[in-house]
Amino acid sequence: MKICKNCGRQTDDDKVRCPYCGNVFEGDMDLVLRRMKSDLQNCKNGYAAAAQPVAQAQPVAPAQAQPAVPAASAQESSWQKERLEMMTSLAEMRGEVRALHGELDRLQSGRAAYPQPIVLQQPSAAGDASAQPAAYAPAPAAQAQAAQPQYVSAPQYVAAPGVMYVPPQAAAVQPGNETKSELKKVRSSNRIVIAILCIALIAVSVAMFFRPWVTFLIGAEEYSFRGFDAVNFLLGNGAGSNFDVYLHQLISADALWMGNYLATPVRYVVYYGIVVYGALLVLTFPILFSLGGRFIGKGWHSAFAWLPFIVALILFGLFFWISGFSSMTMSFLIGAAANLVRVIFIAFYSRKVDWKIVEKPVLNTPKPKLPEKAKKK
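Residues numbered from 1 in each chain as written. Predicted model: local features only at pLDDT ≥ 70, side-chain atom pairs only at ≥ 80, totals over all residues. Heavy atoms only, no water.

Remarks on the overall build of the protein chain
Turning to step 1, where the next piece is worked out: A tally of helices and strands in the protein chain yields 12 helices and 8 strands.
Turning to step 2, where the next piece is worked out: Out of the 377 residues in the protein chain, the part that is buried amounts to 25%.
Turning to step 3, where the next piece is worked out: Sequence separation of 24 or more characterises 68% of the internal contacts of the protein chain that already satisfy a separation of 6 or more.
Turning to step 4, where the next piece is worked out: As presented, the protein chain carries roughly 25700 Å² of accessible surface, and 61% of it is formed by carbon and sulfur atoms. (Helix = DSSP H or I, 4+ residues; strand = E, 2+ residues; numbered from the N terminus. Buried < 20%, exposed > 50% of the residue type's maximum accessible area, 1.4 Å probe, protein only. Contact = heavy atoms within 4.5 Å. Areas by Shrake-Rupley, 256 points an atom, 1.4 Å probe, with all protein chains shown as cover.)

Here you go:
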C-alpha cells in the first residue's frame, strides 16, 4: 500500500498517481520513467521491423507481384492499424513524460521556496511508548512520511521539538518585530563626580557662613561677628550687635584714612557685600540637578562659582584694610578657599551631550476613537 503525501490516503502499490488528488508518487518516478523508456524503445523497434518487409517487397517485378496482391493489401492494412496503435500509445507516453517533468519541476521549486526544517526528536523508552495514550498516537500518514527519506534544501534550520518554525521571510514582515531607532541622552560620569565634589564644597562654604568671620578689639574687650549677622541686621534684628559695632566704630571717619570720604561707601560695601555673598551661595544649589549626569548648565555653575569667590576676595581686601589680616578667622578663609577650589573643578565640567541609539519596538495598536456626539434634532 502507498500513502499519498498530499492528501494522506492509501492506494495500491501499482498506482503512479493518487486516484484522489492526482499527486505523483516520488518513490516510483524512476521506475515509471524506465518503463516508459523501454516501452518507447520497443515501439520504435516494432515500427522499424514492420517497415522493413514493406521496403523489401517494393523492388519485386510486376509479373511476380500479381498473385500476391491480396496478401500484400491485407498485410499493409494490418500494418497501418498497428502503426496507428503505436502512434497513439507513443503520444500517450509523451504526454505522461511531460506531466512527470512538470510535476518534478513543481516539487523542486516548492522545496527551494520553502526549506523544510529538521526536527530533532529524542528517543523515548519502550515503556513510555506503550504508556502513551491513544489520543496522541501518530497518524498512519505521518508514520509513512517519517519512514520515507526527507530532502532538506539549504539553508538548513534546526527546530526544537514543540517549537513552531517560522521562515525568515515571514519573521521579517511580522509587525511585532518592527523597531524604531531613537536617540537618548546618556548619563555623564564626569558631571556626576564633579557635581558631588562641588556640593561638598558649597556645604563647607555655607557652614563657614554661620561661623565667626572677624574678631576685633575695642579697648580691652574682644568682639566677633558672623556672616549671617549681616542678614540679621538687614532684617532689622541686629541693632546693637557686634556687627553693628564693627560698622559704626571701626568703619568711621576717625578710624580710616580719608574716612570723611571713604567711610560711608566702605560701610555699604561691607554690609551689602556679605548679604550678596550669602545670596550667591544659595544660587549655587541648582548643581543638585547635575547629580543625575544628564543636566548640563555649565554656564550657570561657572558663574555662581566665580561670583562668590570674587565677592569673598573683595571682602578679604576690606577686612585687611579695616582691621588687619590677624582679625580674619580660619572660617572666613576656608569658605573663600572652598569657592576657589569649586572654580577649578567647574573648569573640567563636561558640557558635551552624550547620546546613544536605542531600539524601541513599534506598537501597531489602533488609536481609540472618541464616541461621536449625538446630533441635536
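With respect to the pairing of strand 7 (residues 221-226)
Consecutive side chains of a regular strand alternate in pointing toward one face of the sheet and then the other.
Turning to step 1, where the next piece is worked out: Where strand 6 (residues 212-218) and strand 7 come together, 6 bridges link them in antiparallel fashion. The residue bridging L217 from the neighbouring strand is E222, located in strand 7.
Turning to step 2, where the next piece is worked out: Taking the residues between adjacent antiparallel strands as the criterion, strand 6 and strand 7 are bridged by 2 residues, where G219 takes a positive phi near 75°. (Pairing = 2+ DSSP bridges.)

Some points on the packing of helix 7 (residues 189-209) against helix 12 (residues 330-347)
Turning to step 1, where the next piece is worked out: Remark: helix 7 packs on helix 12, axes separated minimally by 8 Å, with the N-to-C direction vectors making an angle of 160°. One way to sum up the angle between helix 7 and helix 12 is to call them roughly antiparallel. Of the two possible hands of crossing, helix 7 and helix 12 adopt the one that is left-handed. Between helix 7, through I194, L197, C198, L201, I202, V204, S205 and M208, and helix 12, the contact on the second element is made entirely by S331, I334, G335, A338, N339, V341, R342, F345 and I346.
Turning to step 2, where the next piece is worked out: Taken together, the residues of the contact of helix 7 with helix 12 break down into 12 nonpolar, 4 polar and 1 charged. (Axes fitted to C-alpha atoms, helices over the stretch in contact; angles between N-to-C directions. Parallel < 35°, antiparallel > 145°, perpendicular 65-115°, else oblique. Left-handed = near helix turned anticlockwise from the far one by under 90°. Nonpolar A, V, L, I, M, F, W, Y, C, P; charged D, E, K, R; others polar.)

Focus: the nonpolar core
Turning to step 1, where the next piece is worked out: Residues W213, Y246, V270, I274 and F319 are the most contacted members of the largest nonpolar core, which totals 31 residues.
Turning to step 2, where the next piece is worked out: Of all the secondary-structure elements, those providing two or more residues to this core are strand 6, helix 9 (242-250), helix 10 (259-282), helix 11 (298-323) and helix 12.
Turning to step 3, where the next piece is worked out: Looking at which element gives the most residues to this core, the answer is helix 10, with 8 residues.
Turning to step 4, where the next piece is worked out: Non-local contacts of F319, meaning those with residues more than four positions away in its chain, are made with W213, V214, F225, Y246, V270, I274, G324, S327, M328 and F332.
Turning to step 5, where the next piece is worked out: Counting residues in each nonpolar core, the second largest holds 10 residues, with C198, I296, V343 and I346 among its members. (Core = buried A, V, L, I, M, F, W, Y, C linked by side-chain atoms within 4.5 Å.)

Remarks on the packing of aromatic side chains
Turning to step 1, where the next piece is worked out: The final tally for this structure, using the stated rule, is 22 aromatic pairs.
Turning to step 2, where the next piece is worked out: Relative to Y223, the ring of F216 has its centre 5.7 Å away and its plane inclined at 25°; by these criteria the two rings are stacked.
Turning to step 3, where the next piece is worked out: By relative accessible area, which is 3% here, F216 ends up buried.
Turning to step 4, where the next piece is worked out: When the ring centre of Y20 is taken as origin, the NZ or CZ atom of R9, which lies over that ring, is 4.7 Å away. (Phe/Tyr/Trp six-rings, centres within 6.5 Å; stacked < 30°, edge-to-face > 60°. Lys NZ or Arg CZ within 6 Å of the ring centre and 35° of its normal.)

A word on empty space enclosed by the protein
Turning to step 1, where the next piece is worked out: The tally for this structure, following the rule as stated, stands at 1 cavity of 30 Å³ or more.
Turning to step 2, where the next piece is worked out: There is about 40 Å³ of room inside the largest cavity.
Turning to step 3, where the next piece is worked out: Around the largest cavity sit C198, I202, T284, I287, H301, F304, A305, R342 and I346, which together line it.
Turning to step 4, where the next piece is worked out: With 3 residues, helix 11 is the largest single contributor of residues to the lining of the largest cavity. (1 Å grid on protein atoms, 1.4 Å probe; cavity = no way out; pocket = protein on both sides within 12 Å on 5 of 7 lines; lining within 4 Å. Points joined across faces, edges and corners; volume = space filled by probe spheres on them.)

A word on the environment of A303
Turning to step 1, where the next piece is worked out: Looking at the element boundaries, A303 is found in helix 11.
Turning to step 2, where the next piece is worked out: With a relative accessible area of 32%, A303 lands in the partly exposed category.

Description of a nonpolar patch on the surface
Turning to step 1, where the next piece is worked out: A cluster of nonpolar side chains, contributed by I196, V282, F285, L288 and L291, occupies part of the molecular surface with about 440 Å² of accessible area.
Turning to step 2, where the next piece is worked out: The partly exposed category is assigned to I196, whose relative accessible area is 48%. (Patch = residues over 30% accessible without salt bridge, like charges linked within 9 Å, V, L, I, M, F, W, Y side chains within 5 Å. Salt bridge = Lys/Arg side-chain N within 4 Å of Asp/Glu carboxyl O.)

Quick notes on the environment of I274
Turning to step 1, where the next piece is worked out: Turning to its location among the elements, I274 is positioned in helix 10.
Turning to step 2, where the next piece is worked out: We classify I274 as buried; its relative accessible area is 0%.
Turning to step 3, where the next piece is worked out: Residues I274 and F209, spaced 65 residues apart in sequence, show a C-alpha to C-alpha distance of 9.3 Å.
Turning to step 4, where the next piece is worked out: When residues no more than four places from it in sequence are discounted, the contact partners of I274 are F209, W213, F225, G227, A230, F243, L315 and F319.

Examining the confidence of the model for the protein chain
Turning to step 1, where the next piece is worked out: Taken over all residues, the pLDDT of the protein chain has a mean of 75, while the share at 70 or more is 68%.
Turning to step 2, where the next piece is worked out: Below pLDDT 50 for its whole length, residues 60-68 participates in 0 contacts with residues either more than four positions away or in separate chains.
Turning to step 3, where the next piece is worked out: Ignoring residues within four places in sequence, the model shows residues 151-160, a span with pLDDT below 50, making 19 contacts including any to other chains. (pLDDT = per-residue confidence, 0-100.)

Points about helix 7
Turning to step 1, where the next piece is worked out: The first and last C-alpha atoms of helix 7 sit 31 Å apart over 21 residues, in line with the 30 Å expected at 1.5 Å per residue.
Turning to step 2, where the next piece is worked out: If you check which residues of helix 7 are buried, you get R191, I194, A195, C198, L201, I202, S205, M208 and F209. The buried residues of helix 7 occupy an angular sector of 145° when the element is viewed end-on, so they sit on one face. (Expected span 1.5 Å × (residues − 1). Arc of directions from axis to C-beta.)

Observations concerning a positive patch on the surface
Turning to step 1, where the next piece is worked out: Taken together, the side chains of K184, K185, R187, R294 and K356 define a basic patch exposed on the protein surface.
Turning to step 2, where the next piece is worked out: Secondary-structure assignment places R187 in the loop between strand 5 (179-185) and helix 7. (Lys, Arg positive; Asp, Glu negative; His and termini not counted. Charge placed at Lys NZ, Arg CZ, Asp CG, Glu CD.)

Considering the environment of L256
Turning to step 1, where the next piece is worked out: Tracing the chain through its elements places L256 in the loop between helix 9 and helix 10.
Turning to step 2, where the next piece is worked out: Residue L256 is classed as buried on the basis of its relative accessible area of 8%.
Turning to step 3, where the next piece is worked out: Among all residues touching L256, those that are not within four sequence positions of it are L250, I251, A263 and I322.

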